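Understanding the architecture of this molecule
So the chains spell out like this:
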Amino acid sequence: MSVPSTLPSPSRRTRRGRLRSPGAHRTTLCGVAVVAASALVLSTAGSAQAAPAATAVPLGTAEPFAVLSGSAFSNTGPTVIAGDIGASDPSMVGTTSITLTGTNHGNDSVTASANAALTNALVSAAGQGPGDPITADLAGQTLTPGIYTSPSALSIAGPTPLVLDGQNDPNAVFLFQAGSTLITQPGTSVSLINGATACNVFWQVGSSTTLGVNSFFSGVVLTLTDTTLNTGATLEGSVLSSGSVTLDSNTIIRPACATPPTTPPVTAPPTTAPPTTTAPPTTAAPTTTASPTAAAGTTGSGDEADTGDEDESTYGQVGRVPVGSVDTGDGSTADVPPARPTR
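Residues numbered from 1 in each chain as written. Predicted model: local features only at pLDDT ≥ 70, side-chain atom pairs only at ≥ 80, totals over all residues. Heavy atoms only, no water.

Examining the overall build of the protein chain
- Check the secondary structure of the protein chain and you find three helices and 22 strands.
- Going through the 343 residues of the protein chain one by one, you find that 29% of them count as buried.
- Taking all contacts inside the protein chain whose residues are at least 6 apart in sequence as the whole, residues at least 24 apart take part in 50%.
- When the accessible area of the protein chain is evaluated, it comes to approximately 20900 Å², of which 60% is carbon and sulfur surface. (Helix = DSSP H or I, 4+ residues; strand = E, 2+ residues; numbered from the N terminus. Buried < 20%, exposed > 50% of the residue type's maximum accessible area, 1.4 Å probe, protein only. Contact = heavy atoms within 4.5 Å. Areas by Shrake-Rupley, 256 points an atom, 1.4 Å probe, with all protein chains shown as cover.)

Observations regarding the nonpolar core
- Formed by 37 residues in total, the largest nonpolar core has its most connected members in Val-67, Phe-176, Trp-203 and Phe-217.
- In this structure, Ala-62, Leu-68, Ala-117 and Val-220 belong to the second largest nonpolar core, which totals 19 residues. (Core = buried A, V, L, I, M, F, W, Y, C linked by side-chain atoms within 4.5 Å.)

Structural notes on the packing of aromatic side chains
- Applying the stated criterion across every chain yields a total of three aromatic pairs.
- Their ring planes at 10° and their centres at 4.2 Å tell us that Phe-176 and Trp-203 sit as a pair that is stacked. Here Phe-176 is found in strand 11 (residues 174-178), whereas its partner Trp-203 is found in strand 14 (residues 201-205), with 27 residues between them in sequence. Pair check on accessibility: Phe-176 and Trp-203 agree, each one buried.
- By the ring-pair criterion, three or more aromatic residues cluster together here, those being Tyr-148, Phe-176, Trp-203 and Phe-217. (Phe/Tyr/Trp six-rings, centres within 6.5 Å; stacked < 30°, edge-to-face > 60°.)

Things to note about helix 3 (residues 109-126)
- For helix 3, with 18 residues, the first-to-last C-alpha span of 26 Å sits near the 26 Å given by 1.5 Å per residue.
- Within the sequence span of helix 3, burial applies to Thr-111, Ala-114, Asn-115, Ala-117, Leu-118, Ala-121, Leu-122 and Ala-125. Seen along its axis, helix 3 keeps its buried residues to an arc of 170°; they face one direction. Those residues of helix 3 that are exposed and angled more than 90 degrees off the buried face are Ser-109, Asn-120 and Val-123.
- Considering only its buried residues, helix 3 is in contact with strand 1 (65-69), strand 4 (84-87), strand 11, strand 14, strand 16 (216-223) and strand 18 (234-241).
- Among the residues of helix 3, the N-terminal cap falls to Asp-108, whose side-chain oxygen and the backbone nitrogen of Val-110 are separated by 3.1 Å. (Expected span 1.5 Å × (residues − 1). Arc of directions from axis to C-beta. Polar contact = N/O pair within 3.5 Å; in protein donor to acceptor, adjacent residues only side chain to side chain.)

A look at the sheet that holds strand 10 (residues 162-165)
- If you trace the three strands from one edge of the open sheet to the other, you get 7-10-13, paired in parallel fashion. Of all the strands in the sheet, the pair left with one neighbour each is strand 7 (142-143) and strand 13 (190-193).
- Bridge analysis of strand 7 against strand 10 gives two bridges, and the strand direction is parallel. Within strand 10, the position partnered with Leu-143 by the bridge is Leu-164. (Pairing = 2+ DSSP bridges.)

Describing the sheet that holds strand 9 (residues 154-156)
- Pairing is parallel across the open sheet formed by six strands, whose spatial order is 2-19-17-15-12-9. Across the chains shown, the open sheet's two edge strands, defined by having one partner strand only, are strand 2 (73-76) and strand 9. For this sheet, the mean angle separating the axes of adjacent strands, direction not counted, is 5°.
- Where strand 2 lies against strand 19 (residues 245-248), four bridges are found, and the strand directions are parallel. Within strand 19, the position partnered with Ser-74 by the bridge is Thr-246. (Axes fitted to C-alpha atoms, helices over the stretch in contact; angles between N-to-C directions.)

Points about the environment of Thr-144
- Looking at where Thr-144 falls in the secondary structure, it is placed in the loop between strand 7 and strand 8 (146-150).
- Of the residues examined, Thr-144 reaches a relative accessible area of 27% and is grouped as partly exposed.
- Between the alpha carbons of Thr-144 and Phe-174 there is a distance of 7.8 Å; along the sequence they are 30 residues apart.

Some remarks on the side chain of Thr-188
- Considering the arrangement of structural elements, one finds Thr-188 in the loop between strand 12 (182-184) and strand 13.
- The buried category is assigned to Thr-188, whose relative accessible area is 3%.
- Within the local environment of Thr-188, its side chain forms a polar contact with the backbone oxygen of Gln-185, the two atoms lying 2.7 Å apart.

Some thoughts on the pairing of strand 8
- Taking burial as the measure, the five residues of strand 8 include five buried ones, the bulk of the element.
- Of the two faces of strand 8, both are covered, the one formed by Gly-146, Tyr-148 and Ser-150 as well as the one formed by Ile-147 and Thr-149.
- Bridge count between strand 8 and strand 11: five bridges; the pairing is parallel. Of the residues in strand 11, the one forming a bridge with Gly-146 is Phe-174.

Some details on the side chain of Ser-218
- Mapped onto the elements, Ser-218 comes out in strand 16.
- Look past the residues within four positions of Ser-218 in its chain and what remains in contact with it is Val-190, Leu-192, Val-201, Trp-203, Leu-235 and Glu-236.

Some remarks on unusual backbone geometry
- Backbone torsion omega between Gly-129 and Pro-130 reads 5°, so that peptide bond is classified as cis.
- Tracing the chain through its elements places Pro-130 in the loop between helix 3 and strand 6 (132-133).
- One non-glycine residue, Asn-168, adopts positive backbone phi at about 60°.
- For Asn-168, the position within the fold is in the loop between strand 10 and strand 11.
- Under the relative-accessibility criterion, Asn-168 is labelled exposed at 65%.
- Phi at Asn-214 is positive, roughly 55°, even though this residue is not glycine.

Structure follows, in C-alpha cells:
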C-alpha cells in the first residue's frame, strides 16, 4: 500500500512543529523571566541595608567618668587618664602611678550615684534593637550609624581596622550589642571618619571586655562584669564597668562630649537702643556788670578828701562848718589864740 503523497514526511512535520509550537516559545520566555526574577531577588538580598537607627545611651552622673568600677580597681605601671575615676571598692590599687586629669572620687557618694546611673545605662542600651546581626569579625568592615547586634561575642581580630563612618553627621550614633564578650586582639584598632565621634559610639557587653596589647579602641564601653585593658592599650572614650577594672600602662582619654540642654534655650528679646536725648544748648550765664564803684573821696562823707571833681560852688575843700579850729586852706588846722578879755 502506497503512502499518500499529501501526507507530510516525518522530517517536515518535526521541523514545522518546532517552528509553530507556541507552547515551547512561552516556556522559553517564562524560563528567562524566572531566571531574571531570581537574579533580582538574590541581588536584593545581598545588597547592604541600613542598620536600625540608634539613640545615644543616657549616662547620667556616670558621664564625667573615664573609668568607673562597681567593684575593685587596680592599675599597674604608668597610666594616663583624662576624666574622673572611682570604684565601689575603696582600696583602689596603683593610683599613685596614674597621671590623672580629673578627680579621683574613690568610693564617695559621687561614685555611688554614677554606678546607679551605669545600671540604668546598661538597661537602656540593651533595650534598643535588635540591630543588624554581626556574625563575623569586625576587623576590615566599614559600618554606618545604627545598631549592630551579636547574640554571643564581638571581636576585632584582623590586622585592618574597624571603620565607623559618621556620614558627615556629628550626631551619628553607633550601638554595638554583645551577648557575651568583647575582645580585641593586639595591635587592632577602631577608626572614626566623616564626623563620627567617640562620644556617640557605645559598646554594651553582656559579660566581660578585654582590649588587646597596644590596641586602639574608641567609644563608651558599658560592661556588665569585668573589664581588662592589657599593656599599652589606648582608649578614646571611657570604661564603665559594673565589675572590676584592671589597667596596665594605658591611656584613656574621655573626649569632651557636648551635653544636650535639659530645657530649651531661652532667646532674649532683641534689645533696642534708647532714643538719643539731645542735650539742650547751654547758654552762657548773662554777664553781671558790677556796679560802678564810687571813686575814692566821692562817697558823700565829709571826712573824705576832695578829689577836685566837685562843682566849684563847694568853695574849695570845706565840706562843713569847721568846729573848734580854723581851716588853713590846705586841709590842716591851726590853733586860734584865745580871745582877749574885754575891758
